[in-house]
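Observations on the three-dimensional arrangement
Here's the letter readout for the chains.
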2 protein chains.
Amino acid sequence: MGRGGSDYSASIFGAALNADEIEIWTDVDGVMSADPRKVKKAFPQARLTYEEAMELSHFGAKVIFPPTMQPALEKRIPIRIRNTVNPGFEGTLIHCAPDSGSSPARSRPTVATGISSIEKISLVRVEGSGMVGVAGIAMRLFGAIAQAQINIILITQASSEHTICLAVRPEDAPTVKSLVEDEFALEIQAKLINDALVEDGFSIVSVVGENMRSSPGTAGRVFSALGKNGVNVAAIAQGSSELNISAVVPQGDEVKALNALHEEFFFPDNKLINMFLVGTGLIGGALIKQLQAHYKKLKECYAHEVRLIGVANSRRMLVSEEGLPPEDCLALLEQSGEPCNIDSLLKQFRALNLPNSILVDCTASEDLAKRYEEILKSSISIVTPNKKAQSGALDYYTRIKRAASHRGAVLLFETSVGAGLPVLSTLNDLIKSGDEIVRIEAVLSGTLSFIFNSFGPEQSFSGVVQNARAAGYTEPDPRDDLNGLDVARKILILARESGFKLELSDVEVENLVPEPCRLAPSADEFLTKLKDFDGHFDELRRRAEEQNAKLCYIASLEHGRARVALQSITADHPFFGLSGSDNIISFTTKRYHTRPLVVRGPGAGAEVTAAGVFADLIRIAG
Amino acid sequence: MGRGGSDYSASIFGAALNADEIEIWTDVDGVMSADPRKVKKAFPQARLTYEEAMELSHFGAKVIFPPTMQPALEKRIPIRIRNTVNPGFEGTLIHCAPDSGSSPARSRPTVATGISSIEKISLVRVEGSGMVGVAGIAMRLFGAIAQAQINIILITQASSEHTICLAVRPEDAPTVKSLVEDEFALEIQAKLINDALVEDGFSIVSVVGENMRSSPGTAGRVFSALGKNGVNVAAIAQGSSELNISAVVPQGDEVKALNALHEEFFFPDNKLINMFLVGTGLIGGALIKQLQAHYKKLKECYAHEVRLIGVANSRRMLVSEEGLPPEDCLALLEQSGEPCNIDSLLKQFRALNLPNSILVDCTASEDLAKRYEEILKSSISIVTPNKKAQSGALDYYTRIKRAASHRGAVLLFETSVGAGLPVLSTLNDLIKSGDEIVRIEAVLSGTLSFIFNSFGPEQSFSGVVQNARAAGYTEPDPRDDLNGLDVARKILILARESGFKLELSDVEVENLVPEPCRLAPSADEFLTKLKDFDGHFDELRRRAEEQNAKLCYIASLEHGRARVALQSITADHPFFGLSGSDNIISFTTKRYHTRPLVVRGPGAGAEVTAAGVFADLIRIAG
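Residues numbered from 1 in each chain as written. Chains lettered and ligands numbered in written order. Predicted model: local features only at pLDDT ≥ 70, side-chain atom pairs only at ≥ 80, totals over all residues. Heavy atoms only, no water.

Looking at the overall build of chain A
- When helices and strands are counted, chain A shows 21 helices and 24 strands.
- Across the 622 residues that make up chain A, the buried fraction comes to 61%.
- When contacts within chain A are restricted to residue pairs at least 6 apart in sequence, long-range pairs at least 24 apart make up 69% of them.
- Carbon and sulfur atoms make up 53% of the accessible area of chain A, which amounts to about 22,600 Å² in all. (Helix = DSSP H or I, 4+ residues; strand = E, 2+ residues; numbered from the N terminus. Buried < 20%, exposed > 50% of the residue type's maximum accessible area, 1.4 Å probe, protein only. Contact = heavy atoms within 4.5 Å. Areas by Shrake-Rupley, 256 points an atom, 1.4 Å probe, with all protein chains shown as cover.)

In structure tokens, the structure reads:
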């Protein structure tokens, strides 16, 4: 195992020769797509070419260590690796002609046949201005090293000729350093070459496959998969055979890199999402149910795998790298969850260091929102219906938007305005396509929509509020709806996404809670007090009806000015037909000037909000 | 210039020494971000470190050829490259400490300080099973080569140790081959090592920068930029200094690669789109106007640069790699356009071989639609309001969707249903997030919407159609609207995007053109004949009104069954309030079950359709 943990070393029990192929009996199922101890989804490959087998032999099963293959190679006789313990299994066929490879995920051939790694290596870097354009440096370098019979695992010299970088076993590094420095003593003295630099603590991950040759963008896939997951690449090598792309990465990232690459190449359409859910209330709960209900279909039809690697609420948190079963996660959280605080939560999430990590914030927590910037910067994406960050201080909004624009991490909060309705995405398309917002008008509170849609002569205003509350349509204290603050936050988000630099204090809000009711110590006392103002609201309603108008609590953005106010609208207004608790958002733009673009539908409720969060999740998976 | 065309070689006119920095006077403005002859947007760098300068010196201005820098390097004295012809200009400062780099596009530091290339190189590949785990091979290899004093430009040996790949000047390749084969004659005979393989016709492109070290994902950016543009990478090297990532690419792709990388690193937020517009009718014309009007703002505010590299209509085509001025492109097309046919058009577009190429199909051409698959396969994306391909044979629809799912190319046709309204994107979010379509109901023809919204007792049906036609709301022959085929195509697209495998013939269509009118030889004769059926339509209208209903031509999808029919709807139906020529699309899903998600607005018209095309363009730019 001198090659490090990557060897799931197998023993050979003998080779049986038959007419058309050599059978090699071992205690493994064949050549695996990756080290099963590091990549859970590793599977045995059905077919490999000699060349691929040789590339992989460097790491994986020693059964195909080249010498074993020599005779067969010459006669071009196929070799079959079989498992004595599992004789029924076909194992791996090592043949001559390049093959389409295999992939459980899709029929079209995969470009890679194996992802392998060397767990521990050191890098030795030799550089200096004196190396440029000077022939023979390489010879002297490798000559010096060869004296000590040291194996060089990887060599790269970028086109500048000004650095040559070698990967060797950690135990060899000091020898290599001194050999090099002896060889180039004079040049070093003359400052033409610097002392050899040794860096420890690296691993090499390699993607192997015959078909890589004919697939443009393979390297792009390798390094985006690594980059997306914040894996820094210290050195790279790919020979023109394009049979193998190797990347030197920090040892701590080896397993993450292997899994990211295994997903990328063997389950290319399978977008694995590692989701950490914070908040197990109504929305979080609904999301878990949807995840449970659609997990299978999502995987089969759209090849999206959403793995619930953590769940937390204000009291407890539970983390599992394998993923928690959605159906039991809440029970498990109660039983075996540990006490939760944001610091330890983020610490553990980061420690997992998993590809495609997404934090789903289904809380209304200000504290968590304050951490978005640092979360995004650590390559963890965020999906949230929580309005706090986007509607907080303008400076912070700008900072998180910038942090999110850094490659890798994404911040999506479509559900913070109009729940699952396509509001922010539509706005973004308009703006980006060079359209100009003339006016946004919107009913953004399902509660107030319901209240004013059901407020009529037959019922007092306080009565309507009372019923809405009883039906669970309002916040525990209806004043949290009636004060318009929630709507103000939403129009502020729309304004900012439209490009206006506004603070929450810039939004004019008509607070529907009558002055004297605001100090009422409890919700019940408030509702009692509200009765005194039924006349006032009746009067408003009557006056509206006299002009065949109806009352509507509308948020608007015009000339960069954001307002939230109770208005009376007539039949020609697009919101006149609004009913139930629907939200409606109307975009009047330079291009949609005579008739606006309107989106309408349920803008609240755990089910549709969770669905919108789900859609954002999938959008990130791409 | 032995190094090939990459040298914008400069001459040194002398070095002036002053207290704190050495000034080197040349005939260039300093060290450029790239070879200005190959990258139009190349700009002089304000600051470079010694190391960066050395990396770049390998290619660019010889003013910083290392020997020149030696003395300064030792004393750590900054060097300033200045231009005698442009003495006012500050030039490039070469200093010791790593720097934040510079970028005209944004304030945050760039990771790269230069993109350079070597135009002509050959690859020599030495491989064989006998090389694995055998020490000293490298020494013998480089020893042999060194005899001939040959410069090795790039070396890579992937971790398998089973291939060593060298880049050398083409003229040196044969020598290297024979030297290697002499050295390893015995191993070659013993089949332990194969004959050295020489491959010509390659270039090396390199990205250089101190900050690359500290930026995860840099390699990902390099190779995605190349991969996205269909540039195949033959060999890769990056030393652990991470100061330089080099990729060996086909010589024909050198300039494309340089530009793609220059955009990626110096204008990272600047998404350059190379757009080829086919079809200069109403929509194409509007798109050109929008492009012209918003070009500047788009670039400044959203850093999207849409370059119109080609424009064509059924008669003429005009191509310009520099980009055509939108305001004049139609005039230019008439004056200097060459005769156009689809083959030559696609041939020229492919020949340009530009990054982020997008074909915008604003025609209704069946022939062009038939070419989508091959276009997508050559890494060219497609944006189109043209329905032909998506609503053609199911097999072809499946094939283009698959071709588009290949990395690099994208196919967007949001505007083929509901013009600029967010219909297909919304549907996609619903489906992907695991929601299930229960029912889609939609009014998808602005023309028919207008006709039935204005059809009342005061006017005969044929009269309404007559007026609609006079107002330009209908096709030249209104039967092309009334036969419902266009609507059928749209609901078919919605059905397919919902996952139902339907053919156009599976859609039940109620043709509103009365049987006897269908054969009328001209549109006018049809309108005359239609009068005979005013009674029939009046009757339908009256019957509807008796039940307080109104007529509405609705496309629907339910239980995988697509229908287009004239229905009478009552006030409780969400479409009852529809007015003008608006489209409306209502999604009833498992999650939006009690109340549907509704999108409404103008679903036709050149302006909003072009805007939707624009949005799709930007969406591809990302």
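Structure shown, so let's carry the discussion forward.
With respect to the pairing of strand β23 (residues 582-589) of chain A
Residue and element names in this part refer to chain A.
- With eight of eight residues buried, β23 is to be regarded as a mostly interior element.
- The sheet contact formed by strand β19 (residues 437-443) and β23 spans six bridges and is antiparallel. In the sheet register, Arg-439 faces β23, and the bridge partner there is Thr-588.
- Pairing between β23 and strand β24 (residues 597-602): six bridges, direction antiparallel. Bridging across to β24, Asp-582 finds its partner in Pro-602. (Pairing = 2+ DSSP bridges.)

Description of helix α21 (residues 606-621) of chain A
Residue and element names in this part refer to chain A.
- Compared with the 22 Å implied by 1.5 Å per residue over 16 residues, the 22 Å span of α21 between its first and last C-alpha is a close match.
- Of all 16 residues in α21, twelve are buried, a share of seventy percent or more.
- Of all the positions in α21, only Val-608, Thr-609, Ala-610, Ala-611, Gly-612, Val-613, Phe-614, Ala-615, Asp-616, Leu-617, Ile-618 and Ala-621 are classed as buried. (Expected span 1.5 Å × (residues − 1).)

Quick word on the sheet that holds strand β12 (residues 271-278) of chain A
Residues and elements named next belong to chain A.
- Read from one edge of the open sheet, seven strands run β15-β14-β13-β12-β16-β17-β18, paired in mixed fashion. Each edge of the open sheet carries a strand with a single partner, namely β15 (338-339) and β18 (411-412).
- Strand direction decides the pairing type here: β12 and strand β13 (residues 304-312), joined by eight bridges, are parallel. Looking at the pairing, Leu-277 lines up with Val-311 of β13.

Observations regarding the side chain of Arg-489 of chain B
Residue and element names in this part refer to chain B.
- Its location among the elements puts Arg-489 in helix α18 (residues 485-497).
- With no salt bridge to any partner, buried Arg-489 finds its closest opposite charge in Glu-366, at an N-O distance of 5.1 Å.
- Here Arg-489 is in contact with Lys-387, Lys-388, Ser-391, Gly-392 and Leu-504, once residues within four sequence places are set aside. (Lys, Arg positive; Asp, Glu negative; His and termini not counted. Salt bridge = Lys/Arg side-chain N within 4 Å of Asp/Glu carboxyl O.)

Observations concerning the sheet that holds strand β21 (residues 549-558) of chain A
- One open sheet accounts for twelve strands, arranged β20(A)-β22(A)-β21(A)-β19(A)-β23(A)-β24(A)-β24(B)-β23(B)-β19(B)-β21(B)-β22(B)-β20(B); its pairing is mixed. Strands with a single pairing partner mark the edges of an open sheet, and in this sheet they are β20 (508-509) of chain A together with β20 (508-509) of chain B.
- Where β20 of chain A and strand β22 (residues 561-570) of chain A come together, two bridges link them in parallel fashion. If you follow Glu-508 of chain A over to β22 of chain A, its bridge partner there is Arg-563 of chain A.

Brief notes about the pattern of salt bridges
All names here are of chain B.
- Across all of its chains, the model carries 75 salt bridges over all chains by this definition.
- The residue Lys-490 makes a salt bridge to Asp-486 at a minimum N-O spacing of 3.3 Å. Of this pair, Lys-490 and Asp-486 both sit in helix α18, separated by four residues, roughly a single helical turn.

Looking at the environment of Phe-223 of chain A
- Note that Phe-223 of chain A resides in helix α6 (residues 218-228).
- Between the C-alpha atoms of Phe-223 of chain A and Ala-247 of chain A, which are 24 residues apart in sequence, the distance is 8.5 Å.

What about the environment of Glu-510 of chain B?
Residue and element names in this part refer to chain B.
- In this structure, Glu-510 sits in the loop between β20 and α19 (523-530).
- With 25 residues separating them along the chain, Glu-510 and Leu-485 place their C-alpha atoms 9.2 Å apart.
- Apart from residues no more than four positions distant in its own chain, Glu-510 is found in contact with Asn-483, Tyr-553, Val-564, Ala-565 and Leu-566.

Points about helix α10 (residues 342-352) of chain A
All names here are of chain A.
- Buried residues of α10: Leu-345, Leu-346, Phe-349 and Leu-352, and no others. All buried residues of α10 lie within an arc of 120° about the axis, which places them on one face of the element. With respect to the buried face of α10, the exposed residues turned more than 90 degrees away are Lys-347 and Ala-351.
- Contacts made by the buried residues of α10 are with β12, β13, β14 (316-319), β16 (357-361) and α12 (372-377).
- Where α10 begins, one side-chain oxygen reaches toward the backbone nitrogen of Asp-343, 3.0 Å away; that side chain belongs to Asn-341.
- Of the residues one or two after α10, Asn-353 is the one with positive phi, at around 55°. (Arc of directions from axis to C-beta. Polar contact = N/O pair within 3.5 Å; in protein donor to acceptor, adjacent residues only side chain to side chain.)

Quick look at the confidence of the model for chain A
Residue and element names in this part refer to chain A.
- Within chain A, residue pLDDT values average 85, and 88% of them lie at 70 or more.
- The least confident element of chain A is strand β1 (residues 12-17), whose mean pLDDT is 56; the most confident is β20, at 98.
- Scored below 50 in pLDDT, residues 99-108 shows 26 contacts in the model against residues more than four places distant or in partner chains.
- In the predicted complex, the global pTM is 0.74; the interface-specific ipTM is 0.72. (pLDDT = per-residue confidence, 0-100.)

Section: the packing of aromatic side chains
- Summed over the entire model, instances satisfying the criterion amount to 14 aromatic pairs over all chains.
- Look at Phe-452 of chain B and Phe-461 of chain B: their rings are 5.7 Å apart centre to centre, the planes differ by 40°, and that puts the pair in the tilted class. Pair check on accessibility: Phe-452 of chain B and Phe-461 of chain B agree, each one buried.
- Each member of the aromatic cluster is reached from another via a ring pair, and the members are Phe-452, Phe-455, Phe-461 and Phe-537 of chain A.
- Geometry around Phe-576 of chain A places Lys-550 of chain A over its ring, the cationic atom sitting 5.9 Å from the centre.
- Over the aromatic face of Phe-455 of chain B sits the side chain of Arg-541 of chain B, whose NZ or CZ is 5.2 Å from the ring centroid. (Phe/Tyr/Trp six-rings, centres within 6.5 Å; stacked < 30°, edge-to-face > 60°. Lys NZ or Arg CZ within 6 Å of the ring centre and 35° of its normal.)

Considerations on the pairing of strand β9 (residues 197-208) of chain B
Residue and element names in this part refer to chain B.
- In this structure, strand β6 (residues 114-127) lies alongside β9, joined through nine bridges in antiparallel fashion. Paired with Ser-116 across the strands is Ser-206, a residue of β9.
- The pairing of β9 with strand β11 (residues 244-250) spans seven bridges and is classified as antiparallel. Bridge pairing in β11 places Val-205 opposite Ala-247.

Overview of unusual backbone geometry
- Of note in the backbone geometry, Gln-149 of chain A takes a positive phi value of approximately 50° without being a glycine.
- Inspection of the secondary structure puts Gln-149 of chain A in the loop between α3 (137-147) and β7 (154-157).
- Relative accessible area serves as the criterion here: at 61%, Gln-149 of chain A is assigned to the exposed category.
- Of note, the phi angle at His-559 of chain B is positive, near 50°, even though the residue is not glycine.
- Structurally, His-559 of chain B is set in the loop between β21 (549-558) and β22 (561-570).
- Of the residues examined, His-559 of chain B reaches a relative accessible area of 76% and is grouped as exposed.

Observations concerning the packing of helix α15 (residues 446-454) of chain B against helix α16 (residues 461-470) of chain B
Residue and element names in this part refer to chain B.
- Following both chains from N to C, one finds α15 and α16 inclined at 135°, their axes separated by 10 Å at the closest point. Between α15 and α16, the angle falls in the class oblique. Regarding α15 and α16, the two cross each other, and that crossing is right-handed. Side by side, α15 and α16 meet where Phe-450, Ile-451, Phe-452 and Ser-454 of the first sit next to Phe-461, Val-464, Val-465 and Ala-468 of the second.
- Here the contact of α15 with α16 is built from residues that sort into seven nonpolar, one polar and no charged. (Axes fitted to C-alpha atoms, helices over the stretch in contact; angles between N-to-C directions. Parallel < 35°, antiparallel > 145°, perpendicular 65-115°, else oblique. Left-handed = near helix turned anticlockwise from the far one by under 90°. Nonpolar A, V, L, I, M, F, W, Y, C, P; charged D, E, K, R; others polar.)

Observations concerning the packing of helix α14 (residues 424-432) of chain A against helix α18 (residues 485-497) of chain A
Residues and elements named next belong to chain A.
- Two numbers describe how α14 lies on α18: the axes approach to 10 Å, and their chain directions differ by 25°. Accordingly, the angle class assigned to the pair α14 and α18 is roughly parallel. Read as a crossing pair, α14 and α18 show a hand that is right-handed. Counting all contacts with α14, which are made through Leu-424, Leu-427, Asn-428 and Ile-431, the residues of α18 involved are Ile-493, Leu-494 and Glu-497.
- By residue class, the composition of the contact of α14 with α18 is five nonpolar, one polar and one charged.

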